[in-house]
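Chain and residue survey
Chain by chain, the residues:
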Amino acid sequence: MKKKRNPLAGIYSALIFLFLYAPIVVLIVFSFNSSKSRGHWGGFSLRWYETLFENSKLMDALQTTLSVALTSSAIAVIIGTAAALGMYFSRKRTRTLLMNVTSLPMLNADIVTGISLLLLFTFIGLKLGYTSLLLAHITFNIPYIILSVMPKLNQLDKNTFEAALDLGATPLQAFFKVMLPEISPGIITGFILAFTMSIDDFVISFFTTGADVSTLSVEIYSMSRRGIKPEINALSTLMFLAVLILLIIVNVRSGRDAQKREQERI
Amino acid sequence: MSENLIRLENVHKDYGGKQVLKSINLSVRDKEFVTLLGPSGCGKTTTLRIIGGFETPTSGVVYFDDQKYNDVPPHKRQVNTVFQRYALFPHLDVFENVAFGLRIRKTPESEVRDSVSKMLRLVNLSGYEKRSVTSLSGGEQQRIAIARALVNRPRVLLLDEPLGALDLKLRKEMQTELKHIQTQLGITFIYVTHDQEEALTMSDTVVVMNRGRIQQIGTPIGIYNEPINAFVADFIGESNIVDGVMNEDLVCTFAGRTFECTDSGFEKDELVDVVIRPEDLKMVPPEDGMLQGVVESIVFKGVHYEMTVRCGDMTWLVHSTLPEVCGTFVGLKVAPFDIHIMRKSEAEDEEN
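Before going further, it helps to spend a moment on the overall build of chain B. When you go through chain B residue by residue, the secondary structure sums to nine helices and 20 strands. The proportion of buried residues among the 352 residues of chain B is 52%. In chain B, the share of contacts with a sequence separation of at least 24, taken over all contacts with a separation of at least 6, comes to 66%. Looking at chain B as shown, the accessible area adds up to about 16,200 Å², and 50% of this sits on carbon and sulfur atoms. Separation between the mean location of the 39 positive side-chain charges and that of the 51 negative ones in chain B comes to 10 Å.

Here is the structure:
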């Protein structure tokens, strides 16, 4: 007999999804509105997407965002992977301590991180701009890399590195021929995650960037203070889609990984 | 040029103030099968890791072919290791796992293919080349680990409890196979295990270790028949160990009776440990026995029965192929050469 579902359960889920996604759906719909009004539907149009791509300020911001996201994620990958390896090879007590120190900044409120970075940069006399923005993003991206690489390392047999040395590999060869291939899925996942976080960030960027450099989120914020223009809807729609796609990739990757481990256990 | 391939001279190892190895002196001849045997934490794996180059001794010297080897890094040693959990490389298939060492050495492709397939044949895994190592069973992974080490033609193969994770039947098969491989290739094997039966089955020389010290070095037969102290006697096989007194050469007293024995060279009335193997105690009618007692328990062990016989306040472990009913009054008999007299263990005194 087919289990009868409680209709209330369905309604409840529907309400939750409505609550979660209604704002975004409205945003997406209105990005295709031909009228400038935010109140009524004037027919389908791509005109705001056109004006968006003609808006040089927004295009500059897009370029900054992508460049900061790519560079900061790449640098964080190098620092984060090295840190994870260091933790892996250290004693258990040191490792637990370092792991906690690592996750703290992720739990810390963005506004606190933003303000403290701003203070630090001002204190050391670093002019706010692209460099400070990049440094800030590297800072908050490193934990995501460590958290993605660490589980991969823990899956390895504890003698893997030694086995490579034993077979004649120099420590450097052992790293590039054995350790790196083994942990690279974690590194790639970490990179995508860090990239997403970087695109997503507003609060920390807002505090650490200078007057002449803006990321998309900062630019949108300053534009919206002069009233929300419809091309912001279009831009937000595109950003939402980009982040959505990246998150799907991350989830598919970790899902596949879990499945593979499941199979190995059988 | 001595005949010793590896020599450890007065090797000590400390971990954070704790001594895990104390003055280890050990020589390994070429083509010898040496087993380091002892309970967990006795320092056997640390000794192996020092020979492999993964640990440096706190003091003492490691010689390889009469060359000081202390500061030679692992990748430059003519030694390969089979690790406890195999440590295969999951991102490489079987062929590439075995070929790893050859590729590092930039061996020509045709030679790589020849050597790898020869090794896979040696460990009975031909045809597995393209398989993923994670899809293999424990026993198969074990063989790959052995092939991966042996393909580099090491002078010495180190094995760290390689059969620990396998079931009993497979373990027995692999023991025979390992011994076969060792004699066929003529490579020195240094084997670490806590399984005394494994040690006795495969080794030319057994090194019994406890608490960071070597207790005894000898052939399996020598170690079994002439254990040097109560620890070795107890660890290798089962033993009855009782307190006794050495009255004079060839005469000792234990269990309230004087016995003839074959040991000498003790001080007069020295307190000693008396060791008798359970299979050396013969059950006889009470009137023929040197000791008399009541059978307290009996357990079937397959080849033999294991019985305990209570004589006064002492309990003796007896192995016999003939069962005896619980509660029966029996006599026990032991031949003079089956009574092993040992000095009280020095290690224990020192520990207290």
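What follows is about the overall build of chain A. Tallying secondary structure elements over chain A gives 11 helices and zero strands in all. The order of α-helices and β-strands along chain A, N terminus first, is α-α-α-α-α-α-α-α-α-α-α. Over its C-alpha atoms, taken along the principal directions, chain A stretches across nearly 75 × 70 × 30 Å. A buried classification covers 41% of the 266 residues belonging to chain A. Taking all contacts inside chain A whose residues are at least 6 apart in sequence as the whole, residues at least 24 apart take part in 72%. With an accessible surface of roughly 15,400 Å², chain A has 68% of that area assigned to carbon and sulfur atoms. Distance between charge centres in chain A, computed from 24 positive and 16 negative side chains, equals 8 Å.

Enumeration according to the criterion identifies 20 aromatic pairs over all chains in this entry. Between Phe17(A) and Tyr21(A), the aromatic rings sit 6.5 Å apart at their centres with planes inclined by 25°, giving stacked as the arrangement. In this pair, Phe17(A) and Tyr21(A) are both assigned in helix 1 (residues 7-31), four residues apart and thus about one turn of the helix distant. Judged by relative accessible area, which is 41%, Tyr21(A) ranks as partly exposed. Seen from their ring centres, Phe32(A) and Phe44(A) are 5.2 Å apart, and the 20° between their planes marks the pair as stacked. With Phe32(A) in the loop between helix 1 and helix 2 (47-54) and Phe44(A) in the loop between helix 1 and helix 2, the pair connects residues that are 12 residues apart, well separated along the chain. On the basis of relative accessibility, which here comes to 22%, the residue Phe32(A) falls in the partly exposed class. We note Arg148(B) situated over the ring of Phe89(B); from NZ or CZ to the ring centre the distance is 4.6 Å. One residue, Arg257(B), lies across the ring of Phe259(B), its end atom 5.1 Å from the ring centre.

Further remarks concern the interface of chain B and chain A. The accessible area lost on association of the parts is a frequent measure of interface size. At the interface, 22 residues of chain B touch 19 residues of chain A. Among the residues chain B hides against chain A, the three largest losses belong to His75(B), His91(B) and Ile104(B). Together they make up 30% of the total. Where chain B packs against chain A, one counts one salt bridge. Our enumeration of links across chain B and chain A arrives at seven residue pairs in polar contact (both at pLDDT 80 or more). Residues belonging to the side of chain B that touches chain A are distributed by class as follows: 11 nonpolar, seven polar and four charged.

Moving on: a positive patch on the surface. Residues and elements named next belong to chain A. Among the surface-exposed residues, Lys36, Arg47, Lys57, Arg225, Arg226 and Lys229 lie close enough to one another that they form a single positively charged patch. Its location among the elements puts Lys57 in helix 3 (residues 56-88). Here Lys57 falls in the exposed class, since its relative accessible area comes to 52%.

A few words now on the sheet that holds strand 2 (residues 18-29) of chain B. Residues and elements named next belong to chain B. Taken in spatial order, the four strands line up as 2-1-4-5 in an open sheet, and their pairing is antiparallel. Where the open sheet ends on each side, the last strands, each with one partner, are strand 2 and strand 5 (67-68). Where strand 1 (residues 4-15) lies against strand 4 (residues 59-64), five bridges are found, and the strand directions are antiparallel. Bridge assignment links Leu8 to a residue of strand 4, and that residue is Val62. In the packing of helix 1 (residues 44-52) onto the sheet, the strands contacted are strand 1, strand 2 and strand 4, and the crossing angle to strand 1 comes to about 120°.

All names here are of chain B. Reading across from one edge, 15-19-16-17-18 is the order of the five strands in this open sheet, with antiparallel pairing throughout. In this open sheet, the two edge strands, each paired with only one partner strand, are strand 15 (282-284) and strand 18 (314-320). Taking the axes of each pair of neighbouring strands and ignoring which way they run, one obtains an average angle of 45° across the sheet. Looking at chain direction, strand 16 (residues 291-300) and strand 17 (residues 305-311) are connected through six bridges and run antiparallel. Counted as the bridge partner of Phe300 is Tyr305 from strand 17.

What the rule picks out here adds up to 21 salt bridges over all chains. Of the charged contacts, one joins Glu96(B) and Arg103(B) as a salt bridge, the two residues approaching to 2.9 Å between their closest N and O atoms. For Glu96(B), a relative accessible area of 23% gives the class partly exposed. Close ionic contact of Arg103(B) with Glu109(B) constitutes a salt bridge, the shortest N to O distance being 2.9 Å. Exposure remark for Arg103(B): the relative accessible area of 31% places this residue in the partly exposed category. Salt bridges sharing common partners tie together Glu162(A), Lys13(B), Arg49(B) and Glu55(B).

What follows deals with the domain arrangement of chain B. For chain B, the assigned domains read domain 1 (4-225), domain 2 (239-277 + 336-352) and domain 3 (282-333). Spacing between the C-alpha centres of domain 1 of chain B and domain 3 of chain B amounts to 42 Å.

Now for the confidence of the model for chain B. Residues and elements named next belong to chain B. Of the residues in chain B, 97% reach a pLDDT of 70 or more, and the chain-wide mean stands at 90. Averaged pLDDT values over the elements of chain B bottom out at 46 in helix 9 (residues 346-351) and peak at 96 in strand 3 (residues 33-37). Below a pLDDT of 50 lies the segment residues 347-352, which in the model reaches five contacts outside its immediate sequence neighbourhood of four places, other chains included.

With respect to the helices and strands, the residue Asn80(B) is situated in strand 6 (residues 79-82). A polar contact of 2.7 Å, which involves the side chain of Asn80(B), links it to the backbone oxygen of Asp166(A). Apart from residues no more than four positions distant in its own chain, Asn80(B) is found in contact with Asp166(A), Leu167(A), Ala149(B), Asn152(B), Pro154(B), Val156(B), Leu157(B) and Leu158(B).

Conventions used here
- All chains use their own residue numbering, which begins from 1 and follows the written sequence.
- As a convention, the first chain written is A and the first ligand written is 1, with the rest following in written order.
- Local features in this predicted model are restricted to residues whose pLDDT is 70 or higher, and side-chain atom pairs enter the listing and the counts only when it is 80 or higher, whereas totals over whole chains, interfaces and linings include all residues.
- Note that the side-chain values use all heavy atoms of the structure and ignore hydrogens as well as water.
- Each helix corresponds to a stretch of at least 4 residues labelled H or I by DSSP, and each strand to a stretch of at least 2 residues labelled E; elements are numbered beginning at the N terminus.
- Relative accessibility decides the category of a residue: with a 1.4 Å probe and only protein chains considered, values under 20% of the type maximum give buried, values over 50% give exposed, and everything between is partly exposed.
- Residues count as neighbours in contact if any of their non-hydrogen atoms are within 4.5 Å of one another.
- Each accessible area is a Shrake-Rupley result for a 1.4 Å probe, and residues are judged covered by the shown protein chains and nothing else.
- The charge count treats Lys and Arg as positive and Asp and Glu as negative. His and the chain ends do not count.
- The atom standing in for a charge is NZ when the residue is Lys, CZ when it is Arg, CG when it is Asp and CD when it is Glu.
- Stacked, edge-to-face and tilted are the three classes for Phe, Tyr and Trp ring pairs, Trp counted by its six-membered ring, which pair at centre distances within 6.5 Å; planes under 30 degrees apart are stacked, over 60 edge-to-face, the rest tilted.
- Charge over a ring is defined by NZ of Lys or CZ of Arg lying within 6 Å of the ring centre and within 35 degrees of the ring normal.
- Simply put, the buried area is the total loss of 1.4 Å probe accessible area from both parts when two parts are fitted together.
- One speaks of a salt bridge when a side-chain nitrogen belonging to Lys or Arg is within 4 Å of a carboxyl oxygen belonging to Asp or Glu.
- Two N or O atoms form a polar contact when they lie within 3.5 Å of each other; inside protein one atom must be a possible hydrogen donor and the other a possible acceptor, and for residues adjacent in sequence the pair counts only when both atoms belong to side chains.
- Think of it as three bins: nonpolar holds Ala, Val, Leu, Ile, Met, Phe, Trp, Tyr, Cys and Pro, charged holds Asp, Glu, Lys and Arg, and polar takes everything else, Gly as well.
- Like charges within 9 Å and nonpolar side chains (Val, Leu, Ile, Met, Phe, Trp, Tyr) within 5 Å are joined into patches, using only residues over 30% in relative accessible area that form no salt bridge.
- Only when DSSP finds a minimum of two bridges between them are two strands counted as paired.
- Lines fitted to C-alpha atoms define the axes, with helix axes restricted to the stretch in contact, and inter-axis angles between N-to-C directions lie between 0 and 180 degrees.
- Each domain span listed reflects an automatic or database assignment of domains.
- pLDDT expresses how confident the predictor is about each individual residue, on a scale running from 0 to 100.

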